[in-house]
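Structure at a glance
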Amino acid sequence: MSKKHSMLILSGDGIGPEVMVEVKKVIAWFSTNTGLEFDISEDHVGGRAYDDYGVPLSEDALAKAKLVDAVMFGAVGGSKWDGVDYDKRPEAGLLTLRKELNLFANLRPAMCFEPLVDASSLKPELVSGLDIMIVRELTGGVYFGEPRGITNLGNGQRRGVNTQVYETYEIHRIAHVAFELAKKRNGLVTSSEKSNVMESGLLWREELEVIAKDYPNVRLEHMLADNCGMQLVRAPKQFDVIVTDNLFGDMLSDVAAMLTGSLGMLPSASLGEVGMGALYEPVHGSAPDIAGKGIANPIATILSFAMALRYTYDEPSAADLVEGAINEVLANNYRTADIDQSGMKLVSTSEMGNHIVDALDKLSN
Ligand code: IPM
Ligand code: MG
């Protein structure tokens, strides 16, 4: 009997629904051609959910997200919702999911596909063979810290406050994720904070040292976050696993994404305690400027599905196959606009999805 893997698809806003259509083609391919079967439900999130339900994530959608093995998430946000109450903005739907599902570990691999070395804004020799794993803490820090808010001081002045806060257990659990990954990779963890300015960064650094003692075969180094940003564009191949907080991780992962050629290439996995739910999403946002034009790159989302195969569904060979198919399509010079170069074959979102499905056919025969 074939296994049925449960999945909730939340496509969201902007290019989210467009790129998700291509993921569905890949899922359909697996259902037709292999024993892998998915039990899929769908709902709205972000601005789309706000329009339909008046909230960026309905109770119902949240309940479904808690029940499934994994959530496939598109993107949220757009200027259409600029005026809505802050706690109902599209992004709040995503943040609620992360918090409610306790998805504290956000894995953002920045890998350079060899056919794309020339698409990077860095020199090819700097990014060829690049393979970095950014481990971003996702349920703490300044994103969720209290107190927060904007207060009126009454004298024509207002005060905006957010709080950067971390407790030992939060640092320990994300550190374990980073060290476990490094153990299976190249044995180096770079921890990034601003311990020269922030006490929360100092605590982060000290607690990383505590956990490092459990991993004698992994080397731990500390790098201030500003320097880390600089080193990522100077000599990115010096890194293996980078572990950092929620805010620095947000920023550094966008930088790392660009090294790989385009933000349209970077997938992510958001994981909680083992077996306790997971969410997979492309790192790029809703890109309202290109939404509806059929030119978005679906690869980041399809790679996110590959991460789901690897980390949630325990189907590593299926994950390898998806990644191999993407490499094949790139090697055959098919490019969406974001990674296009002269001499390449420019394709639409849906053509890219079709080529990936064709490559799955080819590689599996
Ligand atoms: C990301 C995004 C989100 C974040 C936004 C959409 C809330 O930028 O996942 O990187 O800031 O975490
Ligand atoms: Mg971001």
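All of these numbers come straight from a predicted model, not from anything done at the bench.

Turning our attention to the overall build of the chain. Counting its regular elements, the chain contains 12 helices and 14 strands. Over its C-alpha trace the chain gives a radius of gyration of 20 Å, about what one expects of a compact globule, namely 21 Å for 365 residues. Classification of the 365 residues of the chain by burial places 53% in the buried group. If you take every contact in the chain between residues at least 6 apart in sequence, the share linking residues at least 24 apart comes to 74%. Accessible surface, the chain: about 15,700 Å² in total, of which carbon and sulfur atoms supply 51%.

A few words now on the domain arrangement of the chain. Quoted interface sizes are often the accessible area lost when the parts come together. In terms of domains, the chain is made up of domain 1 (1-104 + 272-365) and domain 2 (114-262). Placing the centre of domain 1 and that of domain 2 at their C-alpha centroids yields a distance of 24 Å. Facing 16 residues of domain 1, the contacting portion of domain 2 comprises 19 residues. Summed over both sides, the interface of domain 1 with domain 2 buries roughly 1,600 Å², with 62% coming from carbon and sulfur. Put simply, domain 1 and domain 2 have 0 salt bridges between them. Applying the counting rule to domain 1 against domain 2 returns 5 residue pairs in polar contact (both at pLDDT 80 or more). Listed by contribution, the elements that provide at least two residues to the side of domain 1 that touches domain 2 are α4 (90-100) and α11 (316-331). Looking at the side of domain 1 that touches domain 2, its residues break down into 8 nonpolar, 3 polar and 5 charged.

Moving on, we come to the nonpolar core. Ranked by size, the top nonpolar core spans 67 residues in total, and within it Phe30, Phe179, Phe305 and Leu309 carry the most contacts. Residue contributions to this core reach at least three from each of two domains, namely domain 1 (1-104 + 272-365) and domain 2 (114-262). Membership of the second largest hydrophobic core comes to 21 residues, among which are Ile134, Cys228, Leu252 and Leu266.

Below, the discussion takes up the site of ligand 1. Around ligand 1 sit Glu91, Arg98, Arg108, Arg136, Tyr143 and Asp250, and those are all the residues in its vicinity. For ligand 1, an oxygen atom lies 2.7 Å from a polar atom in the side chain of Arg98. Take Asp250: an N or O atom from its side chain is 2.8 Å from an oxygen atom of ligand 1. Compared with its free state, where it exposes 320 Å², ligand 1 has 78% of that area covered by protein.

What follows concerns the packing of helix α10 (residues 299-311) against α11. Contact geometry for α10 and α11: axes closest at 7 Å, N-to-C directions at 160 degrees. The angle between α10 and α11 falls in the class roughly antiparallel. Helix-helix and strand crossings are classified by hand; for α10 and α11 the assignment is left-handed. Where α10 approaches α11, its residues Ile299, Ile302, Leu303, Ala306, Leu309 and Arg310 are matched on the opposing element by Pro316, Ala318, Ala319, Asp320, Val322, Glu323, Ile326 and Leu330.

Criteria and cut-off values
Residues numbered from 1 in each chain as written. Chains lettered and ligands numbered in written order. Predicted model: local features only at pLDDT ≥ 70, side-chain atom pairs only at ≥ 80, totals over all residues. Heavy atoms only, no water. Helix = DSSP H or I, 4+ residues; strand = E, 2+ residues; numbered from the N terminus. Rg over C-alpha atoms; globule rule 2.2 N^0.38 Å. Buried < 20%, exposed > 50% of the residue type's maximum accessible area, 1.4 Å probe, protein only. Contact = heavy atoms within 4.5 Å. Areas by Shrake-Rupley, 256 points an atom, 1.4 Å probe, with all protein chains shown as cover. Domains from an automatic or database assignment. Buried area = accessible area lost by both parts, 1.4 Å probe. Salt bridge = Lys/Arg side-chain N within 4 Å of Asp/Glu carboxyl O. Polar contact = N/O pair within 3.5 Å; in protein donor to acceptor, adjacent residues only side chain to side chain. Nonpolar A, V, L, I, M, F, W, Y, C, P; charged D, E, K, R; others polar. Core = buried A, V, L, I, M, F, W, Y, C linked by side-chain atoms within 4.5 Å. Near = heavy atom within 4 Å. Axes fitted to C-alpha atoms, helices over the stretch in contact; angles between N-to-C directions. Parallel < 35°, antiparallel > 145°, perpendicular 65-115°, else oblique. Left-handed = near helix turned anticlockwise from the far one by under 90°.

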